[in-house]
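Take a look at the letters that make up each chain.
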Amino acid sequence: MSPTDKRRLQGLRAMIQDVVEHGSTAVERVHRTTADRTFAVLEAIPPVAGVAKVARDVHGAVLTGVYGS
């Protein structure tokens, strides 16, 4: 493999990595925003507000872990 081919492959790898990273960050942002709206509604209902807050916290931790990996 020529040095030019190696550079092209390295560039392609970097580009794919960048697309995956930025794409997953965008999806995470939409996911989190959608979930936050839902949890806000649930937290406004007194009988379920406490449970909704716990669920939001757990969801946020899982979301961070999943998208972080």
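Our subject is the structure listed above.
A.B. asks: Before we move on, can you summarise the pattern of salt bridges with the specific residues and values?
C.D. replies: For the structure on display, the rule yields four salt bridges. Here glutamate 28 makes a salt bridge to arginine 32, at a shortest N to O gap of 3.0 Å. Highlighted residues: glutamate 28 and arginine 32, both in helix H1 (residues 3-43), separated by four residues, approximately one helical turn. As a salt-bridge pair, glutamate 43 and arginine 56 come within 2.8 Å of each other at their nearest N and O atoms. Of the two residues, glutamate 43 is situated in helix H1 and arginine 56 in helix H2 (residues 46-68); the sequence distance between them amounts to 13 residues. Glutamate 43 sits in the partly exposed class, given a relative accessible area of 26%.

A.B. asks: Just give me the short version of the packing of H1 against H2, but keep the residues and values in it.
C.D. replies: Between H1 and H2, the shortest axis-to-axis distance is 9 Å and the interhelical angle comes to 175 degrees. Overall, the two elements H1 and H2 adopt an arrangement that is roughly antiparallel. Along the contact surface, H1 presents Ser24, Val27, Glu28, His31, Arg32, Ala35, Asp36, Phe39, Ala40, Leu42 and Glu43, while H2 presents Val48, Ala49, Ala52, Lys53, Ala55, Arg56, His59, Gly60, Leu63, Thr64 and Tyr67. Here the contact of H1 with H2 is built from residues that sort into eleven nonpolar, five polar and six charged.

Cut-offs and rules
Residues numbered from 1 in each chain as written. Predicted model: local features only at pLDDT ≥ 70, side-chain atom pairs only at ≥ 80, totals over all residues. Heavy atoms only, no water. Salt bridge = Lys/Arg side-chain N within 4 Å of Asp/Glu carboxyl O. Helix = DSSP H or I, 4+ residues; strand = E, 2+ residues; numbered from the N terminus. Buried < 20%, exposed > 50% of the residue type's maximum accessible area, 1.4 Å probe, protein only. Axes fitted to C-alpha atoms, helices over the stretch in contact; angles between N-to-C directions. Parallel < 35°, antiparallel > 145°, perpendicular 65-115°, else oblique. Contact = heavy atoms within 4.5 Å. Nonpolar A, V, L, I, M, F, W, Y, C, P; charged D, E, K, R; others polar.

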